[in-house]
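# Close look at the chain arrangement
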Amino acid sequence: MPGRRAPLAVVAVGIATAATLTAAASGDAPAAAAATTTFTATADAFVDSSAAATNHGTSGQLGVDGSPVKRLFLKFTVSGLPGAVSGAKLRVHTDDVADAHSGAGGTFRATTDTTWSETGVTWNDQPAIDGTALGELGAVSRNAWHELDVTSYVTGNGTYSIGVTSTSTDGADYDSRETGATAPQLVVTTGTTTTTPAPSADPVLVGVGDISDSGSGDSVTADLLDDIPGTVFTLGDNVYDSGTRSEFSSYYEPTWGRHKARTRPSPGNHDYNTSGASGYYDYFGAQAGPSGRGYYSYDLGDWHVISLNSNISMSAGSPQERWLRADLAASTKRCTVAYWHHPLFTSGANHSPSTATRPLFQALYDYNADVVLTGHNHQYERFAPQNPNGGLDTARGIRSFVAGMGGAGHYRFGTIKPNSEARNSDTYGVLKLTLHSDSYDWQFVPEAGRSYSDSGTTACH
Amino acid sequence: MTALSRRGRLAVTAVAAVVLGGVAVGYARLAADPAQPLPSAPVTGPRMHVLSNGRLSAVSRADPAGPREVTGQRCDRAHAAGGTIACLRPAGALAAGALVVLDEGLRELRTVPLTGFPNRARVSASGRMVAWTLFVDGHSYAAGGFSTSTGVLDTRTGALVTSLEEFTVDGEPGQAADRNFWGVTFTADDNRFYATMSTGGHRYLVVGDFAARTLRPLVDNVECPSLSPDGRRIAYKAAVDGDPGRGWRLSVMDLATLSSTPLAETRSVDDQPAWWDDSAVVYGVQRGDGTNDVWTVPADGTGTPRVLVPEANSPAP
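Residues numbered from 1 in each chain as written. Chains lettered and ligands numbered in written order. Predicted model: local features only at pLDDT ≥ 70, side-chain atom pairs only at ≥ 80, totals over all residues. Heavy atoms only, no water.

### So, the overall build of chain B
In terms of regular secondary structure, chain B is built from 2 helices and 25 strands. Within the span of chain B, comprising 317 residues, buried residues form 51% of the whole. When contacts within chain B are restricted to residue pairs at least 6 apart in sequence, those whose partners lie at least 24 apart make up 42%. Element-wise, carbon and sulfur atoms account for 54% of the exposed surface of chain B, whose accessible area totals about 13,300 Å². (Helix = DSSP H or I, 4+ residues; strand = E, 2+ residues; numbered from the N terminus. Buried < 20%, exposed > 50% of the residue type's maximum accessible area, 1.4 Å probe, protein only. Contact = heavy atoms within 4.5 Å. Areas by Shrake-Rupley, 256 points an atom, 1.4 Å probe, with all protein chains shown as cover.)

Okay, here's the thing in structure tokens:
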């Protein structure tokens, strides 16, 4: 029974690794102490001039309109802030119904009266919208988050009340707090926000997979990229469901499209739902490598970066696998990262591990590569460094990630696999790698208003 | 797998429990929940089966959160009733996935090789009928991003239906390209059953007849039905506003009137529920990090949900 001794040995080594990682992570903790706290509205309602005596406080909708005139009111109770306020954002989410969108999202202003009640306020009995002017939202699309900077108003703990008006005859409809997850939010940042780029000029590689469908998750992750310079990778399933050129135009281009010039993509099975992934190759052009082939490599600083195609043959001796071995042999870089769509290691409940990718993982392992990034399961999972058979290998193992939290609806986890070190299935985000000369930092950067994080550092082999 | 494996597994269960237990605890420390490894302890009296991160386990019905007997049986989904245990075994390095039918002594009675990802399992109250659902990759008709495969085994006759797609729906033979089935529950006669059929963007409750190989749609927006012990109601998940993208509300439907009651669990539940007794249902809810807990809530819409078995899923009361 050769297997009997091995798992026990694995356990012992694993514990030692975990201890090392913890030490490294705490040693590298950033000095700045910025924190965000999210408050959902404690009261919200709209009032309607055409039903002047009616209260709409328990409606799931918050309408704002110029004709008939509708106004909406939001109230937040801010308490328990850990420090001085350095920024505050109001976030409102448009309904997922026809006509929720509008060319004008409304004019936002504080009300000095904060005593109005959600179930009492009516057109006839509404607070005066007489406080600090907060700004306007321009065009708002259906079923999406929209943000307004309210730092001038939210200065610390207290009760804050905001009224919204519109002169547009095609008003907007937002989700009220009764809807739960899409309730109006106030996101308050305390402490010093140090978004200074890495002190060194080490290159950043940032991205995710499973990105653009008709929902709003891709907008959220595209927004994160606005604040993260560097090269953008994608891990496939760039668009849903069929990978057509028109889906790239309708879904990807309006969100991730603004980062296209710095994007080096990889294709997924949904991209290949269009024959030959022609929509994908047409949209990305030369940035996707040789058209129709789907695998290519490039260098970033001291790193060699390889984008592979898990939708075509990966078997030992296949053109792709032979190309990969030749590419690795020719590389002069100290550290190597590779990415593709289908994961070899995943605890996801929807797609099982793709063993067809193992020859690629084996080639990378044979050439001492450091990191493999994949998607396909719509969630985040980080594994300890492993050999191609999933055994813990702290000497030569490759750390692998599933980063499928790019915007498509989240999946669930099944049985948690050995060596799985971190997981999340309820937060959109991007995975940021900072590529140092002999190590790398990884960081899960969550969507605005969410707190999940995962970060650490590992040395190159 | 060699001919040795069957006997070998039996030995593993009984004799080598120490070895496997040690490995299981090690994995738990590393992976599932570093703070709370799950030691195995004997359970007496009436029991309830659950999975503990993929290990078939049993807890006492009298103390579900108490001691837990963790076996060496690896299942990604399981169910047990009437002395029969159905275990959907994950694919391993050397073996494909399979349905394994076990008796209470964990003797393997039947193995059915299966391809796909274990998702639902159900044993009829008598222990005779076994059904399963797998996620299947590579079906291009799955506009919703997935496709399923659902089969039924009659453990008495050995009759095996590998896919409900073989059955006739409403007298219409042949297979609609976009039809998917999942979440079977059996009635007391071990012939009639309920399940979910999706087609054209809708998810219908269907009633099936195993002997006649027929299916008949009853009502829209019912997924993963689970028949109550008295046979008069189903617990199920109802897509919020008919849109699975918005999550599911755990509900109970009276089969005589088809009237539905949403239960007091307001979080989205993606599970085939089970019945604790005629007045309460049990179901798994997953935390953000993939850890599951088994919860219970009254079946009449009253009360509040509470954890029944922490760090467990796939409940079979």
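### Brief notes about the overall build of chain A
Of the regular secondary structure elements, chain A holds 6 helices and 24 strands. Residues counted as buried form 54% of the 461 residues belonging to chain A. Across chain A, every contact between residues at least 6 apart in sequence was considered, and the portion connecting residues at least 24 apart equals 76%. In the form shown here, chain A has an accessible surface area of approximately 17,400 Å², with 51% of it arising from carbon and sulfur atoms.

### Here we look at the sheet that holds strand S1 (residues 47-52) of chain B
Residues and elements named next belong to chain B. Strands sit in the order S3-S2-S1-S25 across an open sheet of 4 strands; the sheet is antiparallel. Single-partner strands in this sheet number two, and they are strand S3 (63-74) and strand S25 (313-316). Averaged over all pairs of adjacent strands, the angle between strand axes in this sheet comes to 25 degrees, irrespective of strand direction. Relative to S25, S1 runs antiparallel, the two being bridged by 2 bridges. Following the sheet pairing, His49 is matched in S25 by Ala316. (Pairing = 2+ DSSP bridges. Axes fitted to C-alpha atoms, helices over the stretch in contact; angles between N-to-C directions.)

### Some words on the sheet that holds strand S1 (residues 35-40) of chain A
All names here are of chain A. Read across the sheet, 4 strands follow the order S1-S11-S5-S8 without closing on themselves; strand pairing throughout is antiparallel. The open sheet terminates on both sides in strands that have one partner only, identified here as S1 and strand S8 (145-149). Recorded for the sheet is a direction-independent mean angle of 25 degrees between the axes of neighbouring strands. Sheet analysis places strand S5 (residues 85-93) next to strand S11 (residues 185-190), joined by 6 bridges and oriented antiparallel. Of the residues in S11, the one forming a bridge with Val85 is Thr190.

### Things to note about the packing of aromatic side chains
Summed over all chains, the structure comprises 26 aromatic pairs over all chains. Taken together, the ring pairs in this structure connect Phe248, Tyr252, Trp256, Tyr280, Tyr281, Tyr283 and Phe284 of chain A into an aromatic cluster. Above the face of the Tyr298 of chain A ring, Arg264 of chain A is positioned so that its terminal group lies 4.9 Å from the ring centre. When the ring centre of Trp248 of chain B is taken as reference, the NZ or CZ atom of Lys237 of chain B above it lies at 3.6 Å. (Phe/Tyr/Trp six-rings, centres within 6.5 Å; stacked < 30°, edge-to-face > 60°. Lys NZ or Arg CZ within 6 Å of the ring centre and 35° of its normal.)

### A short note on the pairing of strand S8 (residues 117-123) of chain B
Residue and element names in this part refer to chain B. When you tally the buried positions in S8, you get 7 out of 7 residues, the bulk of the element. Pairing of S8 with strand S9 (residues 129-136) involves 6 bridges; the strand directions are antiparallel. Bridge assignment links Phe117 to a residue of S9, and that residue is Phe135. With antiparallel pairing between neighbouring strands as the criterion, S8 and S9 make up a hairpin whose turn holds 5 residues, including Gly127 at a positive phi of roughly 90 degrees.

### Here's the deal with the environment of Pro418 of chain A
Here Pro418 of chain A is to be found in the loop between strand S20 (399-403) and strand S21 (420-424). Spatially, the C-alpha atoms of Pro418 of chain A and Phe345 of chain A are 9.6 Å apart, while their sequence positions differ by 73 residues.

### Details of the packing of helix H5 (residues 319-330) of chain A against helix H6 (residues 358-366) of chain A
Residues and elements named next belong to chain A. Interaxial distance between H5 and H6 falls to 10 Å at its minimum, and their mutual angle equals 15 degrees. As judged from the angle between their axes, H5 and H6 are roughly parallel. H5 and H6 meet at a crossing whose hand is right-handed. Contacts between H5 and H6 pair Gln320, Glu321, Leu324, Arg325 and Leu328 from the former with Pro359, Leu360, Gln362, Ala363, Leu364 and Asp366 from the latter. (Parallel < 35°, antiparallel > 145°, perpendicular 65-115°, else oblique. Left-handed = near helix turned anticlockwise from the far one by under 90°.)

### So, the pairing of strand S2 (residues 43-48) of chain A
For a regular strand, the rule is simple: side chains alternate between the two faces of the sheet. Residue and element names in this part refer to chain A. The buried count for S2 comes to 6 of 6 residues, which makes it a mostly enclosed element. Inspection of the sheet shows S2 paired to strand S4 (residues 69-78) by 6 bridges, in the antiparallel sense. Residue pairing across strands places Val47 opposite Arg71, the latter belonging to S4.

### Let's talk about the nonpolar core
Residues and elements named next belong to chain A. If you look at the biggest cluster of nonpolar residues, it comprises 47 residues, and the most contacted ones within it are Leu205, Trp256, Leu373, Tyr380, Val430 and Leu431. Setting aside its immediate chain neighbours within four residues, Val430 contacts Val206, Gly207, Val208, Thr221, Leu224, Leu225, Ile228, Trp256, Met405, Gln443, Phe444 and Val445. Core analysis: the next-biggest nonpolar cluster, separate from the first, contains 29 residues, Ala88, Leu137, Val140 and Val188 among them. (Core = buried A, V, L, I, M, F, W, Y, C linked by side-chain atoms within 4.5 Å.)

### What about empty space enclosed by the protein?
A probe as big as a water molecule, rolled over the atoms, marks out the empty space that is left. Residues and elements named next belong to chain A. Tallied over the full model, the rule gives 2 cavities of 30 Å³ or more. In this structure, the largest cavity occupies an estimated 50 Å³ of space. If you list the elements that add at least two residues to the lining of the largest cavity, you get strand S18 (371-374) and S20. (1 Å grid on protein atoms, 1.4 Å probe; cavity = no way out; pocket = protein on both sides within 12 Å on 5 of 7 lines; lining within 4 Å. Points joined across faces, edges and corners; volume = space filled by probe spheres on them.)

### As for the state of the cysteines
All names here are of chain B. By the definition in use, this model includes 2 disulfides over all chains. Each sulfur in the disulfide pair Cys75 and Cys87 lies 2.2 Å from the other. Measuring handedness by torsion sign, the sulfur bridge of Cys75 and Cys87 sits at about -110 degrees and is left-handed. One end of the pair, Cys75, is in the loop between S3 and strand S4 (77-81); the other, Cys87, is in strand S5 (residues 84-89), with 12 residues separating them in the sequence. Taken individually, Cys75 and Cys87 each receive the classification buried, so the pair is uniform in this respect. (Disulfide = S-S within 2.5 Å.)

### Observations concerning helix H3 (residues 245-252) of chain A
Residue and element names in this part refer to chain A. By the burial criterion, the buried members of H3 are Glu247, Phe248 and Tyr252. Burial along H3 is one-sided: seen end-on, the buried residues are contained in an arc of 105 degrees. Where H3 is buried, its residues meet strand S13 (231-234), strand S14 (263-264) and helix H4 (278-284). (Arc of directions from axis to C-beta.)

### Side note on the pattern of salt bridges
All names here are of chain B. Per the stated rule, a full pass over the model turns up 30 salt bridges over all chains. Put simply, Glu69 and Arg47 hold a salt bridge, and the shortest N to O gap is 3.1 Å. With Glu69 in strand S3 and Arg47 in strand S1, this residue pair connects regions lying 22 residues apart in the sequence. The salt bridge involving Arg77 is made with Asp271; its shortest N-O contact spans 2.8 Å. With Arg77 in strand S4 and Asp271 in the loop between strand S20 (259-262) and strand S21 (274-277), the pair connects residues that are 194 residues apart, well separated along the chain. Looking at Asp271, the relative accessible area reads 2%, which means it is buried. (Salt bridge = Lys/Arg side-chain N within 4 Å of Asp/Glu carboxyl O.)

### Some words on the environment of Leu134 of chain B
Residues and elements named next belong to chain B. Structurally, Leu134 can be placed in strand S9. In this structure Leu134 comes out as buried when scored by relative accessible area, which is 2%. In this structure, the C-alpha to C-alpha distance between Leu134 and Pro118, residues 16 residues apart in sequence, is 4.6 Å. Leave out the neighbours within four places in its chain, and Leu134 touches Leu88, Leu114, Thr115, Gly116, Phe117, Pro118, Asn119, Ser147, Thr148 and Ser149.

### Concerning H5 of chain A
All names here are of chain A. With 12 residues, H5 extends 16 Å between its outermost C-alpha atoms, agreeing within 8% with the 16 Å of an ideal straight helix rising 1.5 Å per residue. Buried within H5 we find Gln320, Glu321, Trp323, Leu324, Asp327 and Leu328. Angularly, the buried residues of H5 cover 160 degrees about the axis, an arc narrow enough to put them on a single face. Residues of H5 that are exposed and point over 90 degrees away from its buried face: Pro319, Arg322, Ala329 and Ala330. Looking at the buried positions of H5, the neighbouring elements they touch are strand S15 (296-300), strand S16 (303-307), strand S17 (335-339) and H6. (Expected span 1.5 Å × (residues − 1).)

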